[in-house]
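Structural overview for review
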Amino acid sequence: LQKLRNLLYFSIQLNNIGSGKDGDLSFLSDLTNATQLQWLIIDDNNFGGTLPMSISNLSTKLEMFWVGSNQIYGSIPSGIGNLVSLKTLYLENNSFTGNIPSDMGKLSNLGALEIFMNKLSGNIPSSLRNLTKLFHLGLDINHLEGSIPSSLGECHGLQSLYLSYNLLNGTIPKQVFRVSSLSSSLALSHNLFTGSLP
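Keep in mind that this is a model prediction, so the values were computed, not measured.

Attention now goes to unusual backbone geometry. One non-glycine residue, Asp-44, lies in the positive phi region at around 55°. Relative to the helices and strands, Asp-44 resides in the loop between strand 2 (39–41) and strand 3 (48–50). In the Ramachandran plot, Tyr-165 falls in the positive-phi region, its phi being about 55° despite a non-glycine side chain. Tracing the sequence through the fold places Tyr-165 in the loop between strand 11 (160–162) and strand 12 (167–170).

Take a look at the structure:
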């Protein structure tokens, strides 16, 4: 893989590749030589271990990074914010722990972010306000806590927002209901919200 310097698209999704153990994703470090890479799609396999920090050195032209439905654990590397051309980032249905890195706020071209069905904790970072092109945000089925940041109201293109099955609390900020583009889904069930609907 180190020799594929001119590679544009790499997709091995929907196979049974990987042992489900540490080291499965070490090959991602080899792809850092592919400086033109635009698609990196390895979802729906049997990859285990952690996402290597080297993903922060992947091509800055990368638009699609899909690693969902594997057995990946550990934290999401903060250097993921270096992948500034990302349009879709799918990390769903794994066992990620720790916080959502505030670095994700640097992904200003992101349209869809899926991190549902993991074990993430901590607050939803207010830096997501910078994702002005975001139309889909899926953070449901985690252990996220704290209140919904009112800054999410600055994601003016948001069409669907999934926050169900977390430990979110406080009142639902009125700014969320002012996102006029919300036209598909607003899922807030199974949390600890209080107060009244604005």
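Okay, back to it.
Another aspect to go through is the nonpolar core. Membership of the largest hydrophobic core comes to 51 residues, with the highest contact counts inside it found for Leu-40, Ile-42, Phe-65, Leu-89 and Met-104. In this structure Leu-40 touches Phe-10, Leu-28, Leu-31, Leu-58, Leu-62, Met-64, Phe-65 and Trp-66, once residues within four positions along its chain are discounted.

Let us look at the side chain of His-136. Turning to its location among the elements, His-136 is positioned in strand 9 (residues 136–138). Look at His-136 and you get buried, because its relative accessible area is 15%. Among all residues touching His-136, those that are not within four sequence positions of it are Gly-111, Ala-112, Leu-113, Glu-114, Leu-158, Ser-160 and Tyr-162.

This brings us to the packing of aromatic side chains. Evaluation of the coordinates by the stated rule reveals 4 aromatic pairs. One aromatic cluster is present, built from ring pairs that chain together Phe-10, Phe-27 and Phe-47.

Calculation notes
- Residues numbered from 1 in each chain as written.
- Predicted model: local features only at pLDDT ≥ 70, side-chain atom pairs only at ≥ 80, totals over all residues.
- Heavy atoms only, no water.
- Helix = DSSP H or I, 4+ residues; strand = E, 2+ residues; numbered from the N terminus.
- Core = buried A, V, L, I, M, F, W, Y, C linked by side-chain atoms within 4.5 Å.
- Buried < 20%, exposed > 50% of the residue type's maximum accessible area, 1.4 Å probe, protein only.
- Contact = heavy atoms within 4.5 Å.
- Phe/Tyr/Trp six-rings, centres within 6.5 Å; stacked < 30°, edge-to-face > 60°.

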